[in-house]
Amino acid sequence: MIPQRKRAKGAAVGVQPPLVAPTLSTATATATTDTTATTATATATATAAATTAISATSSAADNRARLYAFDNTFILAPSFSIRIGLEDFVLLHSFVASDGPAILLLSEFQPRLPTRQFHLDMAPTLGHDASRVLTEDNAGGSSYISEAMSLELLYRSFGAKLSKTELELNYWPSNGAITDFSITLGEVNLGVSVTRALRPPTAPPFSEVDADCLLKKKLQGVIDSTKTCCNGRWTKQMLHIWAQSHQIAEKLKCAYENLEPELIHDTVVLVTVCQGMPELFMEKSRVERRSLRVLKGLKDERHLAVLAESDPCAQQKLRDATMHSLKS
């Protein structure tokens, strides 16, 4: 049990925290080591890195886009806000920089969509990197929005920068699992795979069995893509899961605790609950770009060559030029 922290400086007295599920304020961490000594070493390393990160966040306390209160970090953006536990925020930086330890972190994403249309309310406010992921081609599928929002969340929350998009990453062999994009987090190269945990309205509720299958499939894909990527330059990856509800996030957390250490090794799992933005989960496949329509009356090169040959004026000029050359 993590002891309760004192009220953060600057937190207003009497202000109630947002009405969110209390389960999102804790992190489930699992060190993928077999001996007590190795576990202790990994924990000590993460703790030291966490202390450094706390100092860094304290020096940035005057940043108006980031607030610290009620044991949480709140990141404010033009069209959304993010909530992540204060310790989780620090632990992410620690675990991505350490080889071996694995962890699952929980967060919450709250969009503000006045017109309830993603492309009007959210898309214009995205950063340059997220806009690239949203608009550029990927390897296929209907995941433009979820991948773009994942990168935007990592950028706003942790200062992540896009390194390579999905099509810029090369693999050998090329017929296996792939990573959605890679980022730099400080001086660390990190691969990021994005997925969604959801259940259609007419389907049975999302169960722990569903969570177990999703985690095993995606985590194995992360391991495989790390082995086969030729130009990623990362040794650790992040699996970012968008959860449709707090209940689904809790199922993922419970299923994660029972996974084999070999499967979660060197992977940071970030589960983000998002409600109020259905496009994130129900995005349809993009309509394939159609070839540009040829304007009516526009002639191609072959047609223009035929016209030039049949031009009587051009033929007369050619005859005159021929006669002039013979006379000379």
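Reading guide: rules and limits
- Residues numbered from 1 in each chain as written.
- Predicted model: local features only at pLDDT ≥ 70, side-chain atom pairs only at ≥ 80, totals over all residues.
- Heavy atoms only, no water.
- Helix = DSSP H or I, 4+ residues; strand = E, 2+ residues; numbered from the N terminus.
- Contact = heavy atoms within 4.5 Å.
- 1 Å grid on protein atoms, 1.4 Å probe; cavity = no way out; pocket = protein on both sides within 12 Å on 5 of 7 lines; lining within 4 Å.
- Points joined across faces, edges and corners; volume = space filled by probe spheres on them.
- Nonpolar A, V, L, I, M, F, W, Y, C, P; charged D, E, K, R; others polar.
- Axes fitted to C-alpha atoms, helices over the stretch in contact; angles between N-to-C directions.
- Parallel < 35°, antiparallel > 145°, perpendicular 65-115°, else oblique.
- Left-handed = near helix turned anticlockwise from the far one by under 90°.
- Buried < 20%, exposed > 50% of the residue type's maximum accessible area, 1.4 Å probe, protein only.
- Polar contact = N/O pair within 3.5 Å; in protein donor to acceptor, adjacent residues only side chain to side chain.
- Core = buried A, V, L, I, M, F, W, Y, C linked by side-chain atoms within 4.5 Å.
- Phe/Tyr/Trp six-rings, centres within 6.5 Å; stacked < 30°, edge-to-face > 60°.

A.B. asks: Looking at this model, I keep getting lost on the environment of Tyr171. Mind explaining?
C.D. replies: With respect to the element layout, Tyr171 can be found in the loop between strand S6 (161-164) and strand S7 (181-185). Along the primary structure Tyr171 and Thr226 are separated by 55 residues, whereas in three dimensions their C-alpha atoms are 9.3 Å apart. Each residue touching Tyr171, except ones within four places of it in the same chain, is listed here: Ala177, Ile178, Thr179, Ser225, Thr228, Cys229 and Cys230.

A.B. asks: Just to check I follow, could you spell out the layout of surface pockets for this structure?
C.D. replies: Empty space among the atoms becomes apparent when a probe as large as a water molecule is rolled across them. Reported here for the second largest pocket is a volume of approximately 440 Å³. Surrounding the second largest pocket, 21 residues form its lining, Ile178, Asp180, Val194, Thr195 and Lys218 being those nearest its centre. The set of elements that each furnish at least two residues to the lining of the second largest pocket consists of helix H5 (144-158), strand S8 (188-197) and helix H6 (208-228). Split into classes, the residues belonging to the lining of the second largest pocket amount to seven nonpolar, eight polar and six charged.

A.B. asks: Explain the packing of helix H4 (residues 128-135) against H5 here, please?
C.D. replies: For the pair H4 and H5, the least separation of the axes is 8 Å and the interaxial angle reads 170°. Looking at the two axes, H4 sits roughly antiparallel to H5. Here H4 and H5 pass one another in a crossing that is right-handed. Residues Asp129, Ala130, Val133 and Leu134 of H4 touch H5, and the partners they reach there are Tyr144, Ile145, Glu147, Ala148, Leu151 and Glu152. Across the contact of H4 with H5, the residue classes tally to seven nonpolar, no polar and three charged.

A.B. asks: Looking at this model, I keep getting lost on the environment of Thr226. Mind explaining?
C.D. replies: Tracing the sequence through the fold places Thr226 in helix H6. What makes Thr226 partly exposed here is its relative accessible area of 27%. Each C-alpha atom of the pair Thr226 and Gly191 lies 8.0 Å from the other, and the pair is 35 residues apart in sequence. Here the side chain of Thr226 touches Gln237 through a polar contact of 2.7 Å, side chain to side chain.

A.B. asks: Hey, could you run me through the nonpolar core in this one?
C.D. replies: In terms of nonpolar packing, the biggest core is built from 45 residues, with Phe109, Phe118, Met122, Met149, Leu154, Trp242 and Met277 touching the most fellow members. Residues in contact with Met149, not counting those within four places in the same chain, are Phe80, Phe109, Phe118, Met122, Leu126, Trp242, Met277 and Leu280. Membership of the second largest hydrophobic core comes to 24 residues, among which are Leu214, Leu252, Ile264 and Val271.

A.B. asks: I would appreciate a short explanation of the packing of H6 against helix H7 (residues 246-256) in the present structure.
C.D. replies: Two measures define how a pair of helices packs: the angle their axes make with one another and the distance between the axes. Interhelical geometry of H6 versus H7 gives an angle of 65° and a closest axis separation of 8 Å. Relative to H7, the crossing made by H6 is right-handed. Where H6 approaches H7, its residues Glu208, Ala211, Asp212, Leu214 and Leu215 are matched on the opposing element by Lys251, Leu252, Cys254, Ala255 and Tyr256. Split into classes, the residues belonging to the contact of H6 with H7 amount to seven nonpolar, no polar and three charged.

A.B. asks: For this particular structure, what's the right way to read the packing of aromatic side chains?
C.D. replies: Given two aromatic rings, their pairing is described by the distance between the two centres and the angle made by the two planes. Tallied over the full model, the rule gives three aromatic pairs. Measuring from centroid to centroid gives 4.7 Å for Phe80 and Phe109, while their planes differ by 25°, and the two rings are stacked. Pair noted here: Phe80 is in strand S4 (residues 80-85) and Phe109 is in strand S5 (residues 102-111), with a separation of 29 residues, a long-range link. In this pair, the class of Phe80 matches that of Phe109, namely buried. Put simply, the rings of Phe80, Phe109 and Trp242 touch in pairs and so form one group of aromatic residues.

A.B. asks: Could you clarify how one ought to interpret empty space enclosed by the protein in this entry?
C.D. replies: Counted by the stated rule, this structure contains one cavity of 30 Å³ or more. By volume, the largest cavity amounts to about 70 Å³. In terms of lining, the largest cavity is formed by Arg132, Val133, Glu136, Asp137, Asn138, Tyr144, Glu147, Thr165, Glu166, Leu167, Asp180 and Phe181. Across the lining of the largest cavity, the residue classes break down as four nonpolar, two polar and six charged.

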